[in-house]
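The primary structure of each chain is shown beneath.
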Amino acid sequence: MSLAWYIRRLRSMSPAEIAHRVRELALKTSARRRTEGWERYASPGGVPRIAGLREAVERASPEVRDAIHRAARRAIEGRFSALGCDWPRRWPGVPLSADLWRLDPVTGRLWPGADTFTFDINYRHERRFGDIKYVWEINRLQFLQPLAAEVALGGDPKALALIEETIGSWHASNPPFRGLAWNSGIECALRAISLIVVASLAGDRLSNETIARMREILAAHAFWLRRFPSRFSSANNHLVAEAAGELILAIAMPELPRAFALETEARRALEAEASRQILADGMGAEQSPTYGAFTAELLLLAAIAARGSDKPLSAIVDQRLGQFARFVGWIADASGAVPAFGDDDEGRVLSLAGYEPAYAMSVARAISGYLAQTPEGLVSVSPHLRDAIFFAPPAPTPPPRGLATFSSGGLSVVRETRAGRELVLALDHGPLGYLSIAAHGHADALSLLVALDGRPLLVDPGTYLYHSGGAWRDWFRGTAAHNTLSIEGADQSEISGPFNWGRKADARLDAFQDGATWQLRASHDGYVPKFGVRHERTVEAASDGFTVRDRLLGAETPLPVEIVFQLAADCAASRDGQVVTVTPAIGAPVRIAFETPGDIVLACGAPERSGGWVSPAFGLKHPAWRLAWRGCIGSSGAVVRFVLA
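Every value quoted in this text rests on a predicted model; they were computed, and no experiment measured them.

Criteria and thresholds
- Within any chain, residue numbers begin from 1 and follow the written order of that chain's sequence.
- Residue-level local features of this predicted model are given only where pLDDT is at least 70; pairs of side-chain atoms are given and counted only at 80 or more, and the full residue set underlies all totals for whole chains, interfaces and linings.
- Processing note: side-chain calculations cover all non-hydrogen atoms of the structure and skip hydrogens and water entirely.
- When accessible area is computed with a 1.4 Å probe and restricted to protein chains, residues below 20% of their type maximum are described as buried, those above 50% as exposed, and intermediate ones as partly exposed.
- Where helices and strands are cited, they refer to DSSP runs of H or I of at least four residues and of E of at least two residues respectively, numbered from the N terminus.
- Two strands are said to pair when DSSP picks up at least two bridges between them.
- For patches, a residue must show more than 30% relative accessible area and have no salt bridge; joins then use 9 Å for like charges and 5 Å for nonpolar side chains, namely Val, Leu, Ile, Met, Phe, Trp and Tyr.
- To measure how exposed things are, a 1.4 Å probe is used in the Shrake-Rupley method; for residues, cover is taken only from the protein chains shown.
- Definition used for salt bridges: Asp or Glu carboxyl oxygen within 4 Å of a side-chain nitrogen of Lys or Arg.
- Between N-to-C directions, angles cover 0 to 180 degrees, with each direction set by a line fitted to C-alpha atoms, over the stretch in contact for helices.
- By definition in this entry, angles of less than 35 degrees are roughly parallel, angles greater than 145 are roughly antiparallel, angles of 65 to 115 are roughly perpendicular, and the rest are oblique.
- Crossing handedness follows the turn of the near helix against the far one: under a right angle anticlockwise gives a left-handed crossing, and clockwise gives a right-handed one.
- Only heavy atoms matter for contacts: two residues are in contact if any of them lie within 4.5 Å across the pair.
- Three residue categories are used. Nonpolar comprises Ala, Val, Leu, Ile, Met, Phe, Trp, Tyr, Cys and Pro, charged comprises Asp, Glu, Lys and Arg, and polar comprises the others, including Gly.
- A helix is expected to span 1.5 Å multiplied by its residue count minus one.
- Under this definition, polar contacts are N or O atom pairs within 3.5 Å; protein pairs additionally need one hydrogen-donor-capable and one acceptor-capable atom, and for neighbouring residues in sequence, both atoms have to be side-chain atoms.

Trainee: Explanation requested: the pairing of strand β15 (residues 579–583) in the structure shown.
Mentor: Moving residue by residue along a regular strand, the side chains alternate between the two faces of the sheet. Every second residue of β15 is oriented toward a common face, the buried set being Val580 and Val582 and the non-buried set Val579, Thr581 and Thr583. Judged from the five bridges that link them, strand β14 (residues 572–576) and β15 form a sheet pairing that is antiparallel. Paired with Ser574 across the two strands is Thr581, which belongs to β15. Counted between consecutive antiparallel strands, the loop separating β14 from β15 contains two residues, among which Gly577 sits at a positive phi close to 65°. Relative to strand β16 (residues 590–594), β15 runs antiparallel, the two being bridged by four bridges. Counterpart to Thr581 in the pairing with β16 is Arg591. Once β15 ends, the chain turns through six residues before running back antiparallel as β16, passing Gly587 with a positive phi of about 110°.

What follows is the structure, given as structure tokens:
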């Protein structure tokens, strides 16, 4: 790693964290000197399982059964897709290659493998091989879950054969603790969870040799997770995943060394993190609805495993899960998709190995089934394995109406009929992200997202890439890419690395008014250090739509600003003077009138810092119209009127 990275990272650490990192480095150094063969982790015993999973799948609806069957067929046919990319197809009958577990499907290059100690692989700053996310994704072994479900339903014996072949190949190619698969706790946890799900569904059909290999893999993961926990500034969703993995491991394999201590500590961590990482109003602390869903799904599977062991988790877990489901009901559009605030790397816990555009809604429905509750706004989405396991309710529920302010997380949402059209509007006035590095936050304070008639209109640009993103990573999480105001092209918060922030903008909701003449007024201090001004945004109802007013409080002279509105990819835009007409693919046009004199710039697929891009899924970016008003404003501000009629 670079010296600059270490310096930036150290600035985000407390003295206690620095001491922890020093101890962690010593443990990693000592681990290199140990012989870590599989024989060390021999773990005789039966099939590791979560009680009730197979029985739940056996009761799956015809729609869920069909989804499982289709996902299993894709795997049997050698097809694997994730993160916007297709892996090279493996034709049936061709043995799995050891290279599969270290192949980057985008670059075609092979990352270091079993000949390299895992912590010697500098994945954070490696650019030749590609983005490590792709290699980690296939190593999660989540594509085995639909195969195991197919076996549980009495399906094709080829599914069983592929499970056994895959576990054998992974075991032979990834000895502890060599290669990429072992260098991240969250990856170890998700892989362990997936293998236990597979064993729970299909373990009675697996050979003794495969069960023995699986138990060795799981025992090594239990050891590694205890040895290198995520703490301090890394204690975000990674910590929840590790604790969920440890709890499920301990429940499924009580014969493990120190299993009781592992379970006790994991329970304590999950119960504490449930109230930290899902806030009292239901929002995820990481300021990303999809990361919130990922955290919720981890808690949900841990909760059902604990319930099946007759030792349920404390009530706070169920309470926060219920609040998250309510939050999703407020922000989702008619398709079940949620706004893309913050990062989204498409992390899942239960998987059918396919893209899920309505993932958060699927998790909310699963929570509702688990809790036997039906909050407003549950939308029917594509059937999924988690529907069977958690008894998701089959019917949708009416959408909520009015104004909801999620004060803990910092988001206000309006859902109403306005000018004869169905409007969902969300204003972000929350913190940048979670913990000192705010790893998955974007500099999007006071960003405005809008869905109209059930379809996105104003959108967040998305994520695109993580480690290999470079300048694109900065663009997609920078202020200029979001539906807010920037001064002289500056970011509200200081980017200090791909997953790190220095100085952070502090946003707040200053006032709100409910009812037919609703109003939201919020502000942030991100520009105070450099420009001495506070950005204030007011969004309020109008008879034919709504208006947006941006002001710079404390400005002694007007300052040059850019006010951006990023359109969804299926919207067209045309300009006539100070008015831009937006035409969605389906539905009536919307007129955006810039009422303050200035320059209006439209861009679609322009070079990086000129914008006009959205990322609908990890690894993908598509051109989309970006509207920008440029001019000089002070305390009197600039007004933009959205005419829906």
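Trainee: Looking at this model, I keep getting lost on unusual backbone geometry. Mind explaining?
Mentor: Negative phi values dominate among residues other than glycine, just as trans dominates among peptide bonds. Pro176 connects to Phe177 through a cis peptide bond whose omega is -10°. Mapped onto the elements of the fold, Phe177 is located in the loop between α7 (157–173) and α8 (185–202). At Ala372, a position not held by glycine, the phi torsion is positive, near 55°. Examined against the element boundaries, Ala372 turns out to sit in the loop between α14 (359–371) and α15 (385–390).

Trainee: In this structure, what is going on with a nonpolar patch on the surface? I would like to understand it.
Mentor: On the surface, Leu10, Ile18 and Val22 cluster together into a nonpolar patch covering about 250 Å² of accessible area. If you trace the backbone, Leu10 turns up in helix α1 (residues 3–11).

Trainee: Help me out: how do you make sense of the sheet that holds strand β3 (residues 402–406) in this one?
Mentor: The strands that make up a sheet pair up through hydrogen bonds in the backbone, lying either parallel or antiparallel. On the basis of which strands lie adjacent, the open sheet formed by five strands has the order β3-β4-β5-β6-β7 and antiparallel pairing. The sheet is open, and its two edges are formed by β3 and β7 (455–458), each paired on a single side. Each adjacent strand pair in this sheet contributes to an overall mean axis angle of 20°, direction not counted. Bridge count for strand β5 (residues 421–428) against strand β6 (residues 448–452) is five bridges, and the pairing is antiparallel. Directly across from Leu423, in β6, lies its bridge partner Leu452.

Trainee: Even after reading the chapter, I still don't get the packing of helix α10 (residues 237–252) against helix α12 (residues 289–308), so can you show me in this structure?
Mentor: Two quantities define a packed helix pair, namely the angle between the helix axes and the distance between the axes. Between α10 and α12, the shortest axis-to-axis distance is 9 Å and the interhelical angle comes to 15°. Considered as vectors, α10 and α12 are oriented roughly parallel to each other. Handedness of the α10/α12 crossing: left-handed. Note on element contacts: α12 touches α10 through Tyr291, Phe294, Thr295, Leu298, Leu299, Leu301, Ala302, Ala305 and Ala306, opposite Asn237, Val240, Ala241, Ala244, Leu247, Ile248 and Ile251. Tallied by class, the residues present in the contact of α10 with α12 amount to 14 nonpolar, two polar and no charged.

Trainee: Can you help me understand the environment of Ser275 in this one?
Mentor: Here Ser275 shows up in helix α11 (residues 259–277). Between the alpha carbons of Ser275 and Ala212 there is a distance of 37 Å; along the sequence they are 63 residues apart. Look past the residues within four positions of Ser275 in its chain and what remains in contact with it is Ile316 and Arg320.

Trainee: Is there a simple way to explain α7 in this structure?
Mentor: Each full turn of the α-helix corresponds to 3.6 residues, which orients residues three or four apart in the same direction. With 17 residues, α7 should reach 24 Å at 1.5 Å per residue; the first-to-last C-alpha distance of 24 Å fits that figure. For α7, the secondary structure elements touched by its buried residues are α4 (62–76), α5 (132–139), α6 (144–152), α8 and α9 (208–227). The opening residue of α7 is Asp156, an N-cap whose side-chain oxygen sits 2.7 Å from the backbone nitrogen of Lys158.

Read these as spatial facts, not as claims about activity.
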